[in-house]
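The lines below spell out each chain.
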Amino acid sequence: VEGVPQIPAFPPQFSATIEMNDADGYTVHRWEEYDSHNNRARFDQYDSAMDWGDEVGDVMTLYDLEANTFFHTNSMLDTCLWGDMDHLDGNPSWDGIEQSSGTTTLQSADAYFGWGQELNGTYVGTESVRGILCDHWTEMRCGEESDDCSSNYTMDYYFSAESWDIPEAKGTRVPIRM
């Protein structure tokens, strides 16, 4: 569509601070580092009142695929797990690690966030986020793979506008808010 900017790709290295607020009244804070050049990822998360199995409280996960090693800590359960990547459960993880091929790999940032070709969103226009001019896309997603998509949510993506200069980005458009 003329006048609509092309959807940018995620950079191969980035860090992000994520806040998820649920309608049921809880918040998740998450800090992520993603580095496809060095084949590493780190995810720190605090869940306030959720109950996803044992993942409640401060949780840190670190993947070093070059060393075939993972570390996982949980402060509420006072646990620390580590080992080689072969000891993970063999299913793709929501932490961006893919094991379905039998070999552990780091998902691309685009695949991790369901971005790029898979995006079925709508371009909303430009908007200022934290004082940064951004292009804004929005998309309705299904939270659970089911026929009726009974658990859906809206994802909003804000990338720095092409005209905006961010020194560390070296001319690349970067995600500002999701």
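Everything here concerns the structure above.
Residues numbered from 1 in each chain as written. Predicted model: local features only at pLDDT ≥ 70, side-chain atom pairs only at ≥ 80, totals over all residues. Heavy atoms only, no water.

### A few points about the pattern of salt bridges
The following threshold applies: Any carboxyl oxygen of Asp or Glu within 4 Å of a side-chain nitrogen of Lys or Arg constitutes a salt bridge here. Working definition: with a 1.4 Å probe on protein chains only, accessible area under 20% of the residue-type maximum means buried, over 50% means exposed, and in between means partly exposed.
Under the definition given, this model contains four salt bridges. Where Arg 30 meets Glu 32, a salt bridge forms, and the shortest distance between an N and an O atom there is 2.5 Å. A residue is classified by how much of its surface remains accessible, and Glu 32, at 3% relative accessible area, is buried. Salt-bridge contacts for Asp 44 lead to Arg 42; the nearest nitrogen and oxygen are separated by 3.0 Å.

### Side note on the pairing of strand E3 (residues 40-47)
The following threshold applies: When DSSP locates at least two bridges between a pair of strands, those strands are taken to pair. Comment: elements are numbered from the N terminus, with helices defined as DSSP H or I runs of at least four residues and strands as E runs of at least two.
By the bridge criterion, eight bridges tie strand E2 (residues 27-35) to E3 in an arrangement that is antiparallel. Bridge pairing in E3 links Arg 30 to Gln 45. If you look at the hairpin formed by E2 and E3, you'll find four residues sitting between the two strands, and Asn 39 has a positive phi there, around 60 degrees.

### Here we look at the packing of aromatic side chains
Worth spelling out the cut-off: Here a Phe, Tyr or Trp ring, Trp counted by its six-membered ring, pairs with any other such ring whose centre lies within 6.5 Å, and the pair is stacked when the planes are under 30 degrees apart, edge-to-face when over 60, and tilted otherwise.
All told, the structure shown has three aromatic pairs when counted by the stated rule. With centroids separated by 6.3 Å and ring planes inclined at 70 degrees, the aromatic side chains of Phe 43 and Tyr 63 adopt a geometry described as edge-to-face. Residue Phe 43 is found in strand E3, and its partner Tyr 63 is found in strand E4 (residues 57-64); the two are separated by 20 residues along the sequence. Aromatic side chains Trp 137 and Phe 159 sit 6.4 Å apart centroid to centroid with 85 degrees between the ring planes, which places their arrangement in the edge-to-face category.

### Some points on the environment of Thr 105
With respect to the helices and strands, Thr 105 occurs in strand E8 (residues 105-106). In sequence terms Thr 105 and Asn 68 are 37 residues apart; their C-alpha atoms lie 9.9 Å from each other.

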